[in-house]
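Observations on chain architecture
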Amino acid sequence: MKEFIIHYAHIILLFPLLGFIINGLVGKFLQDAFGKSICGIIASLMVCASFALSLGIFCTLSELDPRSRLFTITLFDWINVGNLHTSISFLFDPLTSVMLLIISGVGFLIHIYAIGYMHHDSSTWRFFAFFNLFIFMMLELVIADNVFLMFLGWEGVGLCSYLLIGFWYKDKANVIAGNKAFIVNRIGDLGFIIGVFLLFWAIGSQGIWTLNFAELKEYSYLLENLYLGNINVVTIICLCFFFGACGKSAQIPLYVWLPDAMAGPTPVSALIHAATMVTAGIYMVTRLSFLFILSPVALGVIAITGAVTAVFAATIGFAQNDIKKILAYSTVSQLGYMFLALGVGAFSAGIFHVMTHAFFKALLFMGAGSIILGMHHEQDITKMGGLRKKMRWTYYTFLVATIALLGIFPLSGFFSKDQILWSVFSSPYGSKSLWLLGVFGAGLTSFYMIRLVTLTFFGRHHHTDKAHDTLHEVHESPKVIIIPLVILAMLSVIGGFVGVPHIFGGSNILQVYLSPVIADAELNHYPMITEVGLMLVVFMCVLGFAYGAYYLYSRKPSRRAKLIERFSFPYKVISRKYFVDEIYQHLFVNNIMRTMRFMARFDMVVVDGLVNFAAFLTRIGAYGNSWIDKVFVDGLVNGIATVIGSLGSRLRKIQTGYIQDYVYVLFASIIFILLFRFMIA
Amino acid sequence: MELINEHLLSLMVFLPLIGAMLIVLLPKSSEQSFKWIACITTLLPLILAYKIFVLFNRDVAGLSINQGFQFVEKFSWIPAFNIEYFLGIDGLSILMLLLTALLCPLCILASWNINKGLKGYFSLFLLLETGMMGVFCSLDFFLFYVFWEVMLLPMYFLIGVWGGPRREYAAIKFFLYTLVGSVLMLLVMLYFYFMTEPHTFDITRLIAEHKNFLGFGHILWFALYIGFAIKIPVFPFHTWLPDAHVEAPTAISVILAGVLLKMGAYGILRISYPILPEATLYFSTFLAIMGVINIVYGALCAMAQKDLKKLVAYSSISHMGYVLLGMASFTEEGINGAVLQMFNHGTITAMLFILVGVVYDRAHHREIDGFGGLASRVPVYTGITAFAFFAGLGLPGLSSFVSEVLVLLGAFQKFTLYTIIAGTGIILGAAYFLWTIQRVFLGKLDAKYAELPDINIREILSLAPLVVIVVVLGVYPQPVLDLMKASLGYLNSVVGG
C-alpha cells in the first residue's frame, strides 16, 4: 500500500479528470437514460476516490520520519528550453496532504449536497462535469511541485469558477459576473506571472536555474542580498505573488469579483468561493513562505492588507440583504484574517484557519442553499424570518456554523482565530494595532452574522402581507442535503482540536505536522495571563456586538430605524459597498472601453485611411500620368504625325501633274542657282 | 523507396502541383473528383511530413549545408546566373512545414461546400500549397523568391473570385501590399547577389559572407523588414489583413492566418537574422517595441470589432506580436517561444476561422451582436468555440500558454518594461474573448436561431485534429521544442552573440 502510494499518488488527479470526461462527453446520454442523479453519483464517486487516496497519502506521510516527510513523483518534461526546466511532477508533503484532505473531503460532501441541490436542473451533467474539473484543477494546484505547474491549476480553477458562476447562462447577469471573476483574476495573474519571471531571472543570475519549490527553498538565501535599485528583489517578487493572491483570494483591491460570483449555484459558492479556490492564494503564499519570510516589507504589506480587508469587508456585510452576498463578504473578511496570519509569519495558523473556515463557511453556504430551496429561490433575508421551526436541521447546523465562525469556545473557529490573533499580538512581525483591528473585525463579524441569523430564523415571517401561506410552503430539504450539513456541522465542532493551544494543555498537532514545510516566525513570550486575558477581551467583544445585533434586529427594531436615519449617509455608503464597483467602472472599465473604441476608429480612419489615401494618390498620379501620356507623349507622337501629314498635304499641291508647271519650276530653279553662284562669286 | 527518401522535400512541394495539373486537365464533367484529388494530394504531403518528423535529426545545429540543414537537395537550375534548386530544412523550417502540411488537408475539408468554379478553386489551392511548402524549404534566395511569388497569385484569385461582397477591393489591397514587400525583397536579393563573389543566391553562402553586406546593413535590414512586416503583419502595415480575412472564404482565411502570416516572421528569422546579424541586433529593441504595439493595439482593436471574423483577424495581429517580441529578445526561451507561437497560432487561429465559417454558413452573417444565446441551441459548437477561445487567451494546459509564457519569460530579461506592457495583452485577450462568448452564445436564445443546426461531423472532423494538437502541446510540448531547440539555440548564439 505504502509503496503504491509513493509511486502512484498522482492518480488522485485521474479520478476527477475521468469524471469530467465521462460527464462532459456522455453525461447527457447518461442523464437521459438513467435519470438525473446518475451524473452526480459518478462525480461524487470520483471525488470520494480522491478523498480515499488523500487519506492514504496522509497516512503514508505520517508513517514517515518527520524530517523526511515528502516524496515527489515526476512524470515527464513539460517545458524544457534554454535555462527553463520544468516537468510535470508532483510534490507530496504535509502541507499538500492537509490541503488534499480539505479539498477532497469537503469537496465530496458538497458533491453529495449538489446532487440534491441541482436535482431540478436540466443539465446536471454539465454542472458535475465542471465540478469535477474544478476538483481536478484544485488538486493539481496543491500537488504541483513547481511554480509553473502550480500556475496551471491556478488558472484552471479560475476557468472552472468562470464556467460555474455563469452556469445558468441564460441570465445575462450571471454571465457578466463570471466574466468579471475571470478578468479580475487575470489581473492578479499578471502579477503572479511577473513574480515568476522575476524569480526565475533573479535566482538564475546566481547560477541556479530552477522554479522547483524544493530547490527554490534550498537556494532562496541567494536572493537575500539582491537589490534592484534600493529595493530588495525578494520584496518585489513577493509583492508580485501577493498581488496574484489578492486576485484569487479576493483581497483589496481585487476582491470585487467574489460577491458577484454568488450568481453561481449555491454548491459552487460553497465549494469554490468559500472552502477551496479562494484559499489558493493562502496556499500559494504558504508554499512560498521561505521567500516571504525573507522580506519583512512584503509581510507587512500582506498583514496590513489582510487586516484592512477583514474589517472593510465585514462592515459591508452590515447592510446587505442577500443572504449569499453577506456570506460572500464574510468570506472576504475571513480570508483577510488568513492573510493577516501569513503577514505576521504565522503560516500554519493561516492554514489552520483555511481548514476550519472550509468546514463552517461551506456549511453556512450549504445552509443558505437549503434555505433558498426551502424559500423557493428567495435570497433576501428581510423576506425571511421564523424559519427556525420550519427547517430544524438547517437551523441547527447553521447555528453551529455561525458559532464556529464567531470563534466561540470550543468550536473550531475559536482555535484557529485565537491562534491568528495571538500570533498577531506576539509575533515579531505583528503589532498591537493590527491585533486591535483583528479584534474589531471579530466583533463586526459577530454583528453581521447574528443579524443574519436573527432575520432569517427568528421572529415572525416577514412576509405576512401578501403571502401568508409561503411560510406553510417552506419545507425542510431532503436528506441528501441534510446529511452533508450534519457531517460538516460535526467537523465544525471538532475541527479545531487539531490545534489546541498549549495553555489548554494541548499540543498544536497541525502546527507540528506542518513544521517540516513551514517555518513559522518564532513568537515572543508573554505570561500565560496575557494570553488568557486577550482571549477574554476577544470573547467580550464578540459577545457585545452579538448582543447589539440581537437587540437591534430582534428586540427593538424601531431603534434600528432611528439609527439608520441618524447615520443615513454612512449607512448608504456601506449599503452601496463604498461605491467601489462604481469607482472601478469609472476609472478602469470606461477608460479601457474608450481607448478601445478610439483605437478601432484610429485604425479604420487613420491607419487604413493612410493606406487608402496612398492608393488614392497613386490613382491620381496614374490618371495624371495617363493625361500627360495622352496630351504630351502621345500628343508629341501624334503632333509629329500631324505635322508630317499636313506638310504632305500641302506639298501635294505642288504636284499638279502639268508638264508646263514642272518646266517653269525647272527654269526658275536654274536661274535661281545661276544668280546665286554669280552673287557669291 | 530510396528515391522517395532522397527527395522527400521535393515531393512535398510538388505533389500538390501535380494534383493541380490533374484537376486542370480533367474535364469539367468530373467535377466531383476534384475534391478527392485535392484531398489526396494534400494528404500525401502530410504523410511525408510525418516521415520527416520521425527522421529529422534533433541534435544538429548550424547554418551550413553540411551542418544544420537536413534533407538537402541541391542541383544547378539556371547555371548562367548561378541559381540553384536548393532545398533543405532545419529546426526553424520543419515546424512551419509540418504546420502547412497539417492545415492544408483540413482546409480541403473545410472547403467541401464550395460550389462555384470547383476546378479553379482546388487547382489554385493546390498551387498555393506548393508555393508555401516551397518557401519553407528553399535555401536559395532566388528560389525562395519564386515560391514567394507563386503563393501570391493563387491567393489573389482565391480571394478575388471566391470571396465575399468586397472581394475585389480586398484582393487588390492584399496583392498590391504584398507586391510592395516583394519588390523590396527583390532589390535586397539582387544587392546580396552582386556583393558576393562569385555571385550567388545560395542562402548558406550569403550567411557565410555576411561581412560583405555590412556597409548598407541597416538599410538592407529595414527594406527586408518592411517586406516581411507587411506579411506578419506589423503595425502600421496590417490593415490589409482584416479586409482580406473578412472577404476570403473560410479555408483561405485559415491558410492566410495559419501559414501566410508566418512567412513574414519566418523570413526575418531565415534571411535577416543570419545574413544581417549586426543590423538585426541593432534593430532588436525596435522589433520588441513593434511586437508590444502589435499585442496591445491588436487586442484593443479586436475588442471593438463588431464582425466576428474581424475580431479573429485582429486577435491574430495581437498574437503575432508575441512572435516579434520573442525573437527580439535574443534569449533561447524567447526565440523558441516565438517559433512555437508561430505554430500554435497557426493551429488555434485555424480553429477560430473554421468555427466562424461554420456559423456563417448557417446564419449567413457574422455580426457579434446579431447573435445571442446560441449555447442552448448549438451546444457542441459552443463547446468547441469556447475551447478555441480559451486556447486563444492562453489558458495554461493549452498550447498557446507554453509559447506565450516562453516569449514573455525570455523577453522579460531584456525588455522588462515592454514585457509588462505586453502582459496586459493577456488581460485584454481574456476580456475580448469572454465578451464575445457572452454576446454570441450566452443569454437568451434569439427566436431567429431556434432552428439553427449544430455543427456537423465533417466540420468536427476538420477541427478535431487541431483540438487534439492544442491539448497535447499544452501538456507535452517537449517533442516540438526538441525539434527546434538545437537550431534556434545556434541561431540565437550566432546572431545574439
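Residues numbered from 1 in each chain as written. Chains lettered and ligands numbered in written order. Predicted model: local features only at pLDDT ≥ 70, side-chain atom pairs only at ≥ 80, totals over all residues.

Here we look at the overall build of chain A
Along the backbone of chain A there are 28 helices and four strands. Relative to the globule expectation of 26 Å for 681 residues, the C-alpha radius of gyration of chain A, 39 Å, shows a markedly less compact shape. Reported as C-alpha extents along the three principal axes, the dimensions of chain A are approximately 155 × 70 × 60 Å. Out of the 681 residues belonging to chain A, those deemed buried represent 52%. (Helix = DSSP H or I, 4+ residues; strand = E, 2+ residues; numbered from the N terminus. Rg over C-alpha atoms; globule rule 2.2 N^0.38 Å. Buried ≥ 20, exposed ≤ 12 C-beta atoms within 10 Å, placed from the backbone.)

Details of the overall build of chain B
Looking only at helices and strands, chain B features 20 helices and two strands. Counting only C-alpha atoms and orienting by the principal axes, one finds that chain B spans roughly 70 × 60 × 40 Å. A burial count over chain B gives 62% of its 497 residues as buried. Residue pairs in contact within chain B that sit at least 24 positions apart in sequence constitute 79% of those at least 6 positions apart. (Contact = placed C-beta atoms within 7 Å.)

Quick look at the domain arrangement of chain A
The domain architecture assigned to chain A consists of domain 1 (299-574) and domain 2 (581-654). Between the C-alpha centres of domain 1 of chain A and domain 2 of chain A there is a distance of 73 Å. (Domains from an automatic or database assignment.)

Brief notes about the interface of chain B and chain A
Interfaces are often sized by the amount of accessible area the parts lose when they come together. Contacts between chain B and chain A engage 42 residues on the former and 38 residues on the latter. Those elements that provide at least two residues to the side of chain B that touches chain A are helix H13 (284-304), helix H15 (332-363), helix H17 (399-414), helix H18 (416-441) and helix H20 (478-496) of chain B. The leading source of residues in the side of chain B that touches chain A is H18 of chain B, at nine residues. Split into classes, the residues belonging to the side of chain B that touches chain A amount to 26 nonpolar, twelve polar and four charged. (Nonpolar A, V, L, I, M, F, W, Y, C, P; charged D, E, K, R; others polar.)

Describing unusual backbone geometry
Between Ile 252 of chain A and Pro 253 of chain A the backbone carries a cis peptide bond, its omega angle lying at 10 degrees. Topologically, Pro 253 of chain A is positioned in the loop between helix H9 (233-248) and helix H10 (257-260). Between Glu 197 of chain B and the following residue, Pro 198 of chain B, the backbone shows a cis peptide bond with an omega angle of -5 degrees. Turning to its location among the elements, Pro 198 of chain B is positioned in the loop between helix H7 (167-195) and helix H8 (203-208). Phi at His 377 of chain A takes a positive value of approximately 65 degrees, unusual for a residue other than glycine. Positive phi values are uncommon outside glycine, yet His 364 of chain B reaches one of about 60 degrees. Mapped onto the elements, His 364 of chain B comes out in the loop between H15 and helix H16 (379-392). Judged by the 7 C-beta atoms lying within 10 Å of it, His 364 of chain B is exposed.

Description of the nonpolar core
Counting residues in hydrophobic clusters, the biggest one holds 428 residues, and the most contacted among them are Leu 340 and Ala 362 of chain A. If we skip the residues at most four places from it in the chain, Ala 362 of chain A touches Val 106, Ile 110, Ala 270, Leu 271, Ala 274, Ala 275 and Leu 488 of chain A. (Core = buried A, V, L, I, M, F, W, Y, C linked by C-beta atoms within 7 Å.)

Concerning helix H3 (residues 31-55) of chain B
Here H3 of chain B contains 25 residues, and its C-alpha end-to-end distance of 37 Å stays within 8% of the 36 Å for a straight helix at 1.5 Å per residue. Considering only its buried residues, H3 of chain B is in contact with helix H2 (8-25), strand E1 (70-78), helix H4 (91-110) and helix H5 (118-137) of chain B. (Expected span 1.5 Å × (residues − 1).)

Details of the packing of helix H15 (residues 323-343) of chain A against helix H20 (residues 432-457) of chain A
All names here are of chain A. Running from amino to carboxyl end, H15 crosses H20 at an angle of 160 degrees, the nearest separation of the two axes being 11 Å. Here H15 lies roughly antiparallel to H20, going by the angle between them. When you trace H15 past H20, the crossing you get is left-handed. Residues Ile 323, Ile 326, Ser 330, Ser 333, Tyr 337 and Leu 340 of H15 lie in contact with H20, whose contacting residues are Leu 434, Gly 438, Gly 441, Thr 445, Tyr 448, Leu 452 and Thr 456. Of the residues that constitute the contact of H15 with H20, the class distribution is seven nonpolar, six polar and no charged. (Axes fitted to C-alpha atoms, helices over the stretch in contact; angles between N-to-C directions. Parallel < 35°, antiparallel > 145°, perpendicular 65-115°, else oblique. Left-handed = near helix turned anticlockwise from the far one by under 90°.)

So, the pairing of strand E1 (residues 71-81) of chain A
Residues and elements named next belong to chain A. Sheet topology places E1 next to strand E2 (residues 84-92); nine bridges connect them, and they run antiparallel. In the sheet register, Thr 74 faces E2, and the bridge partner there is Ser 89. The hairpin turn running from E1 into E2, its antiparallel successor, is two residues long, and Gly 82 in that turn takes a positive phi close to 55 degrees. (Pairing = 2+ DSSP bridges.)

A word on the pairing of strand E2 (residues 83-89) of chain B
Each regular strand displays side chains that alternate between the two surfaces of the sheet. Residue and element names in this part refer to chain B. With six of its seven residues buried, E2 lies for the most part within the structure. The pairing of E1 with E2 spans six bridges and is antiparallel. Looking at E2, one finds that Phe 75 is bridged to Tyr 85. If you look at the hairpin formed by E1 and E2, you'll find four residues sitting between the two strands, and Asn 82 has a positive phi there, around 60 degrees.

Brief notes about the environment of Met 604 of chain A
Residues and elements named next belong to chain A. Turning to its location among the elements, Met 604 is positioned in helix H27 (residues 580-652). By C-beta crowding, Met 604 is classed as partly exposed, having 14 other C-beta atoms within 10 Å. When the C-alpha atoms of Met 604 and Lys 2 are compared, they prove to be 66 Å apart, with 602 residues separating the residues in sequence.

A few points about the environment of Thr 331 of chain B
Topologically, Thr 331 of chain B is positioned in the loop between helix H14 (308-328) and H15. In this structure Thr 331 of chain B comes out as buried when scored by C-beta crowding, with 25 C-beta atoms within 10 Å. Separated by 139 residues in the primary sequence, Thr 331 of chain B and Phe 192 of chain B have C-alpha atoms spaced 28 Å apart. Setting aside residues no more than four positions away along its own chain, Thr 331 of chain B makes contact with Gly 82 of chain A together with Gly 410, Gln 413 and Lys 414 of chain B.

Some words on the confidence of the model for chain B
Atomic detail in the predicted coordinates should be set aside for any region of low pLDDT. Residue and element names in this part refer to chain B. Of all residues in chain B, 100% attain a pLDDT of 70 or more, and the chain-wide mean is 92. Per-element mean pLDDT across chain B ranges from 81 in helix H1 (residues 2-6) up to 95 in H14. Confidence metrics for the complex model read pTM 0.91 and ipTM 0.92. (pLDDT = per-residue confidence, 0-100.)

Observations regarding the packing of helix H9 (residues 217-231) of chain B against helix H11 (residues 250-275) of chain B
All names here are of chain B. With their axes 7 Å apart at the nearest point, H9 and H11 run at an angle of 160 degrees to one another. By the angle class used here, H9 and H11 are roughly antiparallel. With respect to the hand of their crossing, H9 and H11 are arranged in left-handed fashion. Residue-level contacts link Trp 221, Leu 224, Tyr 225, Phe 228, Ala 229 and Lys 231 of H9 to Leu 260, Leu 261, Met 263, Gly 264, Gly 267, Ile 268, Ile 271 and Ser 272 of H11. Here the residues of the contact of H9 with H11 sort into ten nonpolar, three polar and one charged.

Describing H13 of chain B
Along its 21 residues, H13 of chain B runs 30 Å from first to last C-alpha, staying within 8% of the 30 Å computed at 1.5 Å per residue. Among the 21 residues that make up H13 of chain B, 17 are buried, leaving the element largely enclosed by the rest of the structure.

Side note on the environment of Leu 311 of chain B
All names here are of chain B. Mapped onto the elements of the fold, Leu 311 is located in helix H14. Placed 101 residues apart in sequence, Leu 311 and His 210 show a C-alpha to C-alpha distance of 41 Å. Setting aside residues no more than four positions away along its own chain, Leu 311 makes contact with Ala 302, Gln 305, Ile 368, Tyr 432 and Thr 436.

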